[in-house]
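So you can see what is in the structure, the chains are spelled out below.
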Amino acid sequence: MVNDNSCGWINDLNKRSDIKILNKDKFCDWLIVGAGYTGLSAARKLSELHPNEKIIIVDAQLAGEGASGRNSGYLVDTTLNDGFTSNKELSNYKKKTDIYNLGIDTVKKFIKEYQVDCDWNECGKYFATPKLEDKNILINFSKTLSKLGFNHKLLFNNELTKRLGTSFYNVALHTKGGILLHPRKLVRAMIDTLPENVFLYENSSLLDWKKNNDIITCNFKNVKISCKKIIFATNGFLKSLGIKSNYNFPLTLTASMTRSLTDEEFKSIGEPKEWGVLPVKPMGATIRMTRDRRILIRNTAEVYNPLKMSQFELNKRSIKQKIGIKKRFPKLPDDIIQSSWSGIVSRTRNGSQIFEKIDDHVFVAGCYNGSGIGVGILFGEQIAIKASNENTKEIETIEARNKPTWLPPQPFLNLGVKTRLFYERFRAKNEI
Ligand SMILES: Cc1cc2nc3c(=O)[nH]c(=O)nc-3n(C[C@H](O)[C@H](O)[C@H](O)COP(=O)(O)OP(=O)(O)OC[C@H]3O[C@@H](n4cnc5c(N)ncnc54)[C@H](O)[C@@H]3O)c2cc1C
């Protein structure tokens, strides 16, 4: 459950020093399990709603060092799913983007209130492919975006080469909405500004829990926490804690980041402004040029057990990422990758998120299918409100989404997921 310590984003920031570990039994009104975007956001909201109650948040590793500190930093307003031709599909897609946009608003509010510097850049994003035949997917997508009023533009070879500094891509759709940011700076700010009645315990893994007469007892190594209400915000680890196990499963992603390009290297690719490309096929590469001229690439997603990846396995993925960079920037030197890391996301079958009251005392939010920056922060806040028996317009929007659909049990699940990933990887072979 503890990730590697080689994530470039995490190592950009100085280490935190005020780490507290659970070392004696505790009682609290509220326990939040998982201190990523979701859990930290829930903690802030609960503190506002219940200033005199005791709120504890625990994490198995250091706070914000799971997916929330190691993602690619795309705060999205739209994602590309092909199709959306019928009115029903269009209305489902709108529900999805309504949630994304509420997510963006929630993050904006937070960074404005606390004056957070997280390299925020409202430069939009590209859905790009080297395969001209995939133009039709983008044209279809463009029709959907036009119907819903999203500002966007189709771009071709030369214009793309100028903007991205690579001639790898032949066609792209640029959406004006969507933000690029530094994921670790954002989650670090959420940790650093936790309110006073929130107690954070790290390197403290919840082992099991049970509910008895309205009190929930949670066991950690040698100690326990008893609480009145609990919120599960463990995302890729919901299944391992037995939460909604037939509706979500973890996937492991790996990414690499280069050092900053030198002036000369940067000039050789035409000195592009910061950009972010998402693939047209789901298993293609996500690739970013950061504002400090580093190249980030993520081009693997797999069912991987155990959850922590060994250095040897990580090195194998890093080679794939080196090839991905080489294909796009053949003139850059071979040895510019500075860090490689893995991270765990949570998926559902139909791409919908989990936001639920399991009973009067047990709540869960998570499973963002790779788009969890804005949605995680939104869902964290709103699950805290729901757990406090209040309602909001945001909760109504969240609850109007399609609900996650049932997954088959093991071993059929892994077999099905692996086959699907294999097929998707094949479809995306030109984009990796
Ligand atoms: C490589 C990568 C790239 C990504 N790119 C993007 C992107 O560009 N845009 C985007 O929107 N999303 C992206 N995502 C997804 C996004 O990072 C997640 O959806 C989001 O961080 C989820 O936040 P969370 O707080 O719900 O979960 P997490 O950040 O995973 O936090 C869950 C926490 O729970 C803790 N935990 C687990 N089990 C226990 C236990 N038993 N006891 C105590 N604590 C426990 C974990 O240690 C972890 O810190 C990416 C993810 C990865 C891995």
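Residues numbered from 1 in each chain as written. Predicted model: local features only at pLDDT ≥ 70, side-chain atom pairs only at ≥ 80, totals over all residues. Heavy atoms only, no water.

**Q** Sorry, what's going on with the side chain of Ser 142 here?
**A** Turning to its location among the elements, Ser 142 is positioned in helix 5 (residues 135-147). For Ser 142, a relative accessible area of 14% corresponds to the buried category. At 2.8 Å, the side chain of Ser 142 forms a polar contact with the side chain of His 152. (Helix = DSSP H or I, 4+ residues; strand = E, 2+ residues; numbered from the N terminus. Buried < 20%, exposed > 50% of the residue type's maximum accessible area, 1.4 Å probe, protein only. Polar contact = N/O pair within 3.5 Å; in protein donor to acceptor, adjacent residues only side chain to side chain.)

**Q** Could you clarify how one ought to interpret the site of the ligand in this entry?
**A** Near the ligand there are 34 residues, and of these Thr 38, Asp 59, Ser 68, Tyr 74 and Gly 372 occur at the shortest range. Of all the secondary-structure elements, those providing two or more residues to the shell around the ligand are helix 2 (37-49), helix 3 (67-70) and strand 16 (337-347). Within the shell around the ligand, the residues separate by chemical class into 15 nonpolar, 16 polar and three charged. (Near = heavy atom within 4 Å. Nonpolar A, V, L, I, M, F, W, Y, C, P; charged D, E, K, R; others polar.)

**Q** Is there a simple way to explain the nonpolar core in this structure?
**A** The tendency in soluble globular proteins is for nonpolar side chains to be buried as a group. Grouped together as the largest cluster of nonpolar side chains are 63 residues, with contacts concentrated most on Ile 32, Leu 186 and Phe 379. When residues in this core are grouped by element, the largest group, nine residues, is from helix 10 (residues 373-387). The next biggest cluster of nonpolar side chains, apart from the first, holds 23 residues, and it includes Tyr 201, Phe 220, Leu 241 and Cys 367. (Core = buried A, V, L, I, M, F, W, Y, C linked by side-chain atoms within 4.5 Å.)

**Q** When you look at unusual backbone geometry in this model, what are you seeing that I'm missing?
**A** Most peptide bonds take the trans configuration, and most residues that are not glycine carry a negative phi. A cis amide bond links Gln 410 to the next residue, Pro 411, at an omega of 0°. Mapped onto the secondary structure, Pro 411 falls in the loop between helix 11 (393-399) and helix 12 (412-427). With a phi angle near 70°, Asp 214 is a residue other than glycine that sits in the positive phi range. When you line up the elements, Asp 214 lands in the loop between strand 9 (208-212) and strand 10 (215-219). In this model, Arg 293 sits at a positive phi of 65°, which is unusual for a non-glycine residue. When you line up the elements, Arg 293 lands in the loop between strand 14 (286-289) and strand 15 (295-302). A relative accessible area of 25% means that Arg 293 is categorised as partly exposed.

**Q** Teacher, can you tell me more about the pattern of salt bridges here?
**A** It is possible for side chains bearing opposite charge to pair when their charged atoms get close. Evaluated as defined, the whole model comprises 31 salt bridges. Across the pair Arg 294 and Asp 12 runs a salt bridge whose closest N-O atoms are separated by 2.7 Å. Of this pair, Arg 294 sits in the loop between strand 14 and strand 15 while Asp 12 is found in the loop between helix 1 (8-11) and strand 1 (26-33), placing the two residues 282 residues apart along the sequence. With a shortest N-O distance of 3.9 Å, Glu 274 and Arg 291 are connected by a salt bridge. Highlighted residues: Glu 274 in the loop between helix 8 (263-268) and strand 13 (275-279) and Arg 291 in the loop between strand 14 and strand 15, separated in sequence by 17 residues. For Glu 274, a relative accessible area of 12% gives the class buried. (Salt bridge = Lys/Arg side-chain N within 4 Å of Asp/Glu carboxyl O.)

**Q** Sorry if this is basic, but what is going on with the sheet that holds strand 4 (residues 125-129) here?
**A** Sheet strands pair by backbone hydrogen bonding; their relative direction is either parallel or antiparallel. What the eight strands build is an open sheet, ordered 5-6-4-13-14-15-12-16; its pairing is mixed. Each edge of the open sheet carries a strand with a single partner, namely strand 5 (152-156) and strand 16. Neighbouring strand axes in the sheet, compared pairwise and without regard to direction, differ in orientation by 20° on average. Looking at chain direction, strand 12 (residues 249-258) and strand 16 are connected through ten bridges and run antiparallel. The residue of strand 16 that forms the bridge with Phe 249 is Arg 347. Sheet strands in contact with helix 5 are strand 4, strand 5 and strand 6 (171-175), and its direction is about 20° off that of strand 6. On top of the sheet, helix 9 (residues 311-328) reaches strand 12, strand 14, strand 15 and strand 16; it is set at about 125° to strand 15, its chief contact. (Pairing = 2+ DSSP bridges. Axes fitted to C-alpha atoms, helices over the stretch in contact; angles between N-to-C directions. Contact = heavy atoms within 4.5 Å.)

**Q** Would you take a moment to explain the pairing of strand 9 for this structure?
**A** Within a regular beta strand, the side chains point alternately toward one face of the sheet and then the other, so they alternate between its two faces. Direction of pairing for strand 9 relative to strand 10: antiparallel, over a ladder of five bridges. Bridge pairing in strand 10 links Lys 211 to Ile 216.

**Q** Help me understand the environment of Leu 278, please; the structure alone is not making it clear to me.
**A** Structurally, the position occupied by Leu 278 is in strand 13. The spatial distance from the C-alpha of Leu 278 to the C-alpha of Ala 172 is 9.6 Å, given a sequence separation of 106 residues. The contact partners of Leu 278, leaving out residues within four places of it in the chain, are Tyr 74, Val 76, Lys 125, Tyr 126, Phe 127, Ala 128, Ala 285 and Thr 286.

**Q** Can you help me understand helix 2 in this one?
**A** Owing to its 3.6 residues per turn, the α-helix brings residues three or four apart onto one side. Taking 1.5 Å of rise per residue, the 13 residues of helix 2 would be expected to cover 18 Å, and the 18 Å separating its terminal C-alpha atoms lies within 8% of that figure. The buried count for helix 2 comes to eleven of 13 residues, which makes it a mostly enclosed element. Taken together, the buried positions of helix 2 are occupied by Tyr 37, Thr 38, Gly 39, Leu 40, Ser 41, Ala 42, Ala 43, Arg 44, Lys 45, Leu 46 and Ser 47. (Expected span 1.5 Å × (residues − 1).)

**Q** Please clarify how the side chain of Gln 353 should be interpreted in this entry.
**A** As for its placement among the helices and strands, Gln 353 is situated in the loop between strand 16 and strand 17 (354-359). For Gln 353, a relative accessible area of 5% gives the class buried. Not counting chain neighbours up to four residues away, the residues in contact with Gln 353 comprise Ile 99, Gly 366, Cys 367, Tyr 368, Val 375, Phe 379, Arg 401 and Pro 404.

**Q** What exactly am I supposed to notice about the packing of helix 4 (residues 87-113) against helix 10 here?
**A** When two helices pack together, their arrangement is given by the angle between the helix axes and the distance between those axes. Two numbers describe how helix 4 lies on helix 10: the axes approach to 7 Å, and their chain directions differ by 80°. It follows from the interaxial angle that helix 4 and helix 10 lie roughly perpendicular. Residue-level contacts link Ile 99, Tyr 100, Leu 102, Gly 103, Thr 106, Val 107 and Lys 109 of helix 4 to Ile 373, Gly 374, Val 375, Ile 377, Leu 378, Phe 379 and Glu 381 of helix 10. Residue classes in the contact of helix 4 with helix 10 are distributed as nine nonpolar, three polar and two charged. (Parallel < 35°, antiparallel > 145°, perpendicular 65-115°, else oblique.)

**Q** I would appreciate a short explanation of helix 9 in the present structure.
**A** For helix 9, spanning 18 residues, the distance from its first C-alpha to its last is 26 Å, which sits close to the expected 26 Å at 1.5 Å a residue. Turning to helix 9, its buried residues are Glu 313, Leu 314, Arg 317, Ser 318, Gln 321, Gly 324, Ile 325 and Arg 328. Along the axis of helix 9, the buried positions cluster into a sector of 135°, meaning they face one direction only. Of the residues in helix 9, the exposed ones pointing more than 90 degrees away from the buried face are Phe 312 and Ile 319. For helix 9, the elements touching its buried residues are strand 12, strand 14, strand 15 and strand 16. (Arc of directions from axis to C-beta.)

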